[in-house]
Amino acid sequence: MTTPFRPHTLLVTAAILIRNDGAILLAQRPEGKTFAGLWEFPGGKVEVPESPEAALVRELDEELGITVRPEKLKPFTFVSENCATFHLLMILYLVRDWENEPVGREGQTLAWVPASELGDYPMPKADAPLVPQIQALLG
């Protein structure tokens, strides 16, 4: 008798970076990475023994060169999705306050996008359902 496949859970965090004018930062996944060419909210994997907040602060520094204080991360929502070989649990935070101007430090293209235009950018399956929630939040 075979044991049913039980995928492991991958815990990731992501930021919805919102500029003063209401534009939201999207990052395009570079060539050579899974989902290359698709647009996503910046963030990444939570490493042992990090908290989700510490992981997001680290990822935003590594990916974008910005400094975010943990207390400036505001929990927004989460995504739970079966991705065949793993289960994705992504925690999203709203971020309106950071230091430095974001730059693509890992070869990714960045775009500041009005909330009303988020749906015009092709996104991974996990990110796309967030667009209506963000648009409702920002009007």
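Note that the structure is a prediction, hence the values are computed from the model and not measured.

About the thresholds
- Residues numbered from 1 in each chain as written.
- Predicted model: local features only at pLDDT ≥ 70, side-chain atom pairs only at ≥ 80, totals over all residues.
- Heavy atoms only, no water.
- 1 Å grid on protein atoms, 1.4 Å probe; cavity = no way out; pocket = protein on both sides within 12 Å on 5 of 7 lines; lining within 4 Å.
- Points joined across faces, edges and corners; volume = space filled by probe spheres on them.
- Helix = DSSP H or I, 4+ residues; strand = E, 2+ residues; numbered from the N terminus.
- Nonpolar A, V, L, I, M, F, W, Y, C, P; charged D, E, K, R; others polar.
- UniProt positions renumbered as here; feature names shortened; annotations may be inferred.
- Core = buried A, V, L, I, M, F, W, Y, C linked by side-chain atoms within 4.5 Å.
- Buried < 20%, exposed > 50% of the residue type's maximum accessible area, 1.4 Å probe, protein only.
- Contact = heavy atoms within 4.5 Å.
- Arc of directions from axis to C-beta.

Colleague: Explanation requested: the layout of surface pockets in the structure shown.
Modeller: Over the atoms, a rolled probe matching the size of one water molecule traces out where space is still vacant. Within this model, the largest pocket holds a volume of roughly 760 Å³. Around the largest pocket, the lining is made up of 30 residues, and of these Val 12, Arg 29, Phe 35, Glu 40 and Gly 44 lie nearest the centre. Contributions of two or more residues to the lining of the largest pocket are made by β1 (8-17), β2 (24-28), β4 (43-45), α1 (52-64) and β6 (86-95). Grouping the amino acids of the lining of the largest pocket by side-chain chemistry returns 13 nonpolar, six polar and 11 charged.

Colleague: Is there a simple way to explain the UniProt feature "domain: Nudix hydrolase" (unreviewed entry) in the chain in this structure?
Modeller: Taken from the UniProt record, the annotation "domain: Nudix hydrolase" (unreviewed entry) applies to residues 7-136. Secondary structure across residues 7-136 comprises 15% helix and 34% strand; the distance between its end C-alpha atoms is 33 Å.

Colleague: Would you explain the nonpolar core in this entry?
Modeller: One broad trend across soluble globular proteins is that nonpolar side chains are buried collectively. Grouped together as the largest cluster of nonpolar side chains are 22 residues, with contacts concentrated most on Ile 16, Ile 24, Phe 41, Met 90, Leu 92 and Leu 118. Contributing elements (two or more residues each) for this core: β1, β2, β6, β7 (109-113) and α2 (130-138). The element best represented in this core is β6, accounting for four residues. If we ignore the near neighbours within four places in the chain, the residues touching Ile 24 are Ile 16, Leu 17, Ile 18, Phe 41, Ala 111, Trp 112, Val 113, Ala 115, Leu 118, Ile 134 and Leu 138. Ranked by size, the runner-up nonpolar core spans 12 residues in total, among them Leu 64, Val 68, Tyr 93 and Val 95.

Colleague: How should α2 be read in this particular structure?
Modeller: Since the α-helix packs 3.6 residues into each turn, any two residues three or four apart lie on the same face. Those residues of α2 that sit buried are Leu 130, Val 131 and Ile 134. Along the axis of α2, the buried positions cluster into a sector of 100°, meaning they face one direction only. Tucked inside the fold, the buried residues of α2 contact β1, β2, β5 (74-82) and β6. After α2 finishes, the residue Gly 139 shows a positive phi value of roughly 75°.

Colleague: I keep staring at unusual backbone geometry and nothing clicks. Help me out?
Modeller: Excluding glycine, residues mostly carry a negative phi; peptide bonds, for their part, are mostly trans. A cis amide bond links Val 48 to the next residue, Pro 49, at an omega of 5°. Examined against the element boundaries, Pro 49 turns out to sit in the loop between β4 and α1. Non-glycine residue Asn 100 carries a positive phi angle of around 85°. Its location among the elements puts Asn 100 in the loop between β6 and β7. The class for Asn 100 is partly exposed, based on a relative accessible area of 49%.

Colleague: What is the right way to read the environment of Gly 107 from this model?
Modeller: Tracing the sequence through the fold places Gly 107 in the loop between β6 and β7. By relative accessible area, which is 59% here, Gly 107 ends up exposed. With 44 residues separating them along the chain, Gly 107 and Glu 63 place their C-alpha atoms 9.0 Å apart.

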